[in-house]
Amino acid sequence: MALTKNQKVLDFVARSAELTQPDKIVWIDGSTKQIKALKEEAVKSGELIKLNESLLPDCYLHRTKVNDVARVEDRTFICTKNKDDAGPINYWMDPREAYELTSEIARGSMKGRTMYVIPYSMGVVGSDFAKIGIEVTDSIYVVLNMNIMTRVGKNCLDALGKDGDFIKGLHAKCDVDADKRYIMHFPEDNTIISVNSAYGGNVLLGKKCFALRIASYLGKNEGWMAEHMLILGVTYPDGEKKYVAAAFPSACGKTNLAMLIPPKHYLDKGYKIECVGDDIAWIRVGADGRLWAVNPENGFFGVAPGTNEHSNLNALESTKRGTIFTNVALNTDNMTVWWEGLSKELPANCIDWTGKPWNKDKFDKKDKSTCAAHPNSRFTAPADNCPCISPDFNSKTGVPLSAIIFGGRRASTTPLVYQSRDWNHGVFIGSAMSSETTAAATGATGVLRHDPMAMKPFAGYHMGDYFAHWIEMGKKVTNPPKIFNVNWFRQDKDGNFVWPGFGDNMRVLEWILKRCGENPVDAVETAIGYVPKAEDIDISELDYSISDKKKFDIESLKEILAVDKEKWAKEAEELEGYYNDTIKSRIPQELWDCLETLKNNCKTSK
Ligand code: SAT
Ligand code: MN
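Quantities reported herein were computed from a predicted structural model and do not represent experimental measurements.

Asker: How would you sum up the overall build of the chain? Please name residues and give values.
Answerer: What the chain contains, in helices and strands, is 17 helices and 30 strands. Here the chain has a C-alpha radius of gyration of 24 Å; the compact-globule value for 606 residues is 25 Å, and the two agree. Taken along the three principal axes of its C-alpha coordinates, the chain extends 70 × 55 × 45 Å. Counting every position in the chain, which comprises 606 residues, the buried fraction comes to 61%. Counting contacts in the chain only where the partners sit at least 6 residues apart, residues at least 24 apart contribute 72% of the total. Carbon and sulfur atoms make up 49% of the accessible area of the chain, which totals about 23900 Å². The chain carries 76 positive and 81 negative side-chain charges, and their two centres are separated by 2 Å.

Shown next as structure tokens:
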């Protein structure tokens, strides 16, 4: 039975049903009883595998088709009337053509199936930040994941009232045919259509599709920002709290940084990190002239491989109940899950992510095809499972940002940390981000590509306009956060990571926040911005071996703080090429000016 009198919702559901012709329509009210029944149904049909109830209560494993394991950027389209509005780095399709194409594919595809109507909110229902979406889908997996990742229920419909607008999302699994897979966004119509996939980012429409692509477009028009950023809070020994948002490309450690456990001597002094969000931030200017951020999601869709009690205990703890695992391995000895990096010992009896018995004797960690879990296997875990979830997680006003951090995977050139000279220069640094590709999207991994603000796959409009929006926002914030860039991934000449990363990133965070206070710690002005003096980064009680031969010491730190002007001159030249040949137009003058300054700085001796 329909849960609303909102005619726009009723029309959308009716039109979707007319197109896809399901046997049955079920409205999701988010009640425990309904969700429990759906889990049982999915276990019966084999869509979910129930895991060990005493070790992993209320946890399930799901396997996708092997052709459907990551976001598909080349099949993700921004469908604006004017091609130029989608910009040069989004795939574009004419909206009429896109509606026709996906309607043909989805037509009749739910025959014999059930269509679920999911009313959900991104953000706390009733807050100024929150926006409501309705996703219709023929996948129970999607319903159950959306129920973890977003705030689902009748209260979302009530918040819409009789006449409220919402983001329309239609997901039809169809035959999960990779050749007919399309993830279409119609920012001018507040609409998303996804066909022929059943994997995370392609089908949980509240996440990248709505909370980033559509929301970034809404943000530009309404004067706020939707960013691919984690949000964390640092509590100081005296109780003071400061908040930071950080943008990294997918699978570059956002979840790890967001849930960081500081080194022991910080904990002993009383420092604490709390997680507000691990992937997406919606940011508005507050009445106090600062930027305030919320996490619009309600759960974590984290990368499983590499997660263990040392790398991210908080994430691991978050997956101990009420979690859906996707494409990890099944340990058949005790019906729990396993993935590469979870433990040093390999489980004796495992079914791999494709559903076949795993041969641990053939396992070679460098050869992904021998892995038990897919490199992009995921856990969907409720945020309130997280031991370090921030008490501000459900705050309606969000948290005020002291710093914004950009970062990527860079083997060389980019120092461990540096600070921009001002807001516009910070925007420039974000626009210049590049990172090695990861398994989060289909295609080759480890290839260096431009990924401005980690938004390359997620900005729902022209990247030049997106940069201009950042510049405009800077004019509205009278008390802006300081902007930094970090790189945890610098390698020595033998390819070893020089910086320990993980919990030790606290040492860099501390420096960053010391630069944001009333009496900022000193720094060295370089061609690219402010770099720390090595002695200002706390490396006490740091016991890390870069390799068998070398332990981390202050010299290692100096090495990764160094700015090589020759390399940066090349970087600037390359960036100029990217601006000119790829983005081409609509780049604000402020960024050209910063590029010019960088080029000049690399020529002079400072
Ligand atoms: O697959 S998702 O887009 O949801 C996750 C990611 O790539 O960051
Ligand atoms: Mn992400």
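Asker: Would you mind going over the pairing of strand 23 (residues 378-382) in detail, with residue names and values included?
Answerer: Across the five residues that make up strand 23, a large majority, five, are buried. The alternating pattern of strand 23 places Arg 378, Thr 380 and Pro 382 on one face and Phe 379 and Ala 381 on the opposite face, and all of these are buried. The pairing of strand 18 (residues 299-303) with strand 23 spans five bridges and is antiparallel. Among the inter-strand pairings, Val 303 is bridged to a residue of strand 23, identified as Arg 378.

Asker: Give me the sheet that holds strand 21 (residues 336-338): which residues, what numbers.
Answerer: If you trace the three strands from one edge of the open sheet to the other, you get 21-20-22, paired in antiparallel fashion. Two strands close off the open sheet at either side, each with one partner strand: strand 21 and strand 22 (350-351). Where strand 20 (residues 329-331) and strand 22 come together, two bridges link them in antiparallel fashion. Along strand 22, the bridge assignment pairs Leu 330 with Ile 351.

Asker: Let's hear about the coordination of the manganese ion (ligand 2): which residues, and what values?
Answerer: Within the protein, the manganese ion (ligand 2) binds to Lys 208 (NZ), His 228 (NE2) and Asp 279 (OD); these donor distances fall in the range 2.0 to 2.2 Å. Classification of Lys 208 as buried rests on a relative accessible area of 5%. Residue classification places His 228 among the buried residues on the basis of a relative accessible area of 0%.

Asker: Provide a residue-level description of the side chain of Ser 194, including the pertinent values.
Answerer: Locating Ser 194 in the fold gives a position in strand 11 (residues 191-195). In terms of polar contacts, Ser 194 uses its side chain to reach the backbone carbonyl oxygen of Asn 202, at 2.8 Å. If we ignore the near neighbours within four places in the chain, the residues touching Ser 194 are Leu 170, His 171, Ala 172, Tyr 182, Ile 183, Asn 202, Val 203 and Leu 205.

Asker: Explain the site of ligand 1 residue by residue, including any values.
Answerer: Every residue near ligand 1 is listed here: Arg 71, Tyr 199, Gly 201, Lys 207, Lys 208, Ser 250, Phe 301, Arg 378 and Ala 440. Gly 201 places a polar main-chain atom, nitrogen or oxygen, 3.2 Å from an oxygen atom of ligand 1. In this structure, Ser 250 approaches ligand 1 through a side-chain N or O atom, which is 2.8 Å from an oxygen atom. Alone, ligand 1 offers 250 Å² of accessible surface; in the complex the protein occludes 98% of this. A class-by-class count of the residues in the shell around ligand 1 yields three nonpolar, two polar and four charged.

Asker: With reference to specific residues and values, describe the nonpolar core.
Answerer: Counting residues in each nonpolar core, the largest one holds 161 residues, and the members touching the most others are Trp 282, Leu 416, Val 417 and Trp 470. Apart from the residues lying within four places of it in its own chain, the contact partners of Val 417 are Phe 484, Asn 485, Val 486, Val 508, Trp 511, Ile 512, Val 531, Pro 532, Ile 537 and Leu 561. The next biggest cluster of nonpolar side chains, apart from the first, holds 30 residues, and it includes Phe 12, Ala 106, Met 115 and Leu 170.

Each value, and the rule that gives it
- Residues numbered from 1 in each chain as written.
- Chains lettered and ligands numbered in written order.
- Predicted model: local features only at pLDDT ≥ 70, side-chain atom pairs only at ≥ 80, totals over all residues.
- Heavy atoms only, no water.
- Helix = DSSP H or I, 4+ residues; strand = E, 2+ residues; numbered from the N terminus.
- Rg over C-alpha atoms; globule rule 2.2 N^0.38 Å.
- Buried < 20%, exposed > 50% of the residue type's maximum accessible area, 1.4 Å probe, protein only.
- Contact = heavy atoms within 4.5 Å.
- Areas by Shrake-Rupley, 256 points an atom, 1.4 Å probe, with all protein chains shown as cover.
- Lys, Arg positive; Asp, Glu negative; His and termini not counted.
- Charge placed at Lys NZ, Arg CZ, Asp CG, Glu CD.
- Pairing = 2+ DSSP bridges.
- Donors = N, O, S within 2.8 Å, 3.2 Å for Na, K, Ca; no water.
- Polar contact = N/O pair within 3.5 Å; in protein donor to acceptor, adjacent residues only side chain to side chain.
- Near = heavy atom within 4 Å.
- Nonpolar A, V, L, I, M, F, W, Y, C, P; charged D, E, K, R; others polar.
- Core = buried A, V, L, I, M, F, W, Y, C linked by side-chain atoms within 4.5 Å.

Everything listed is a geometric property; what it means functionally is a separate question.
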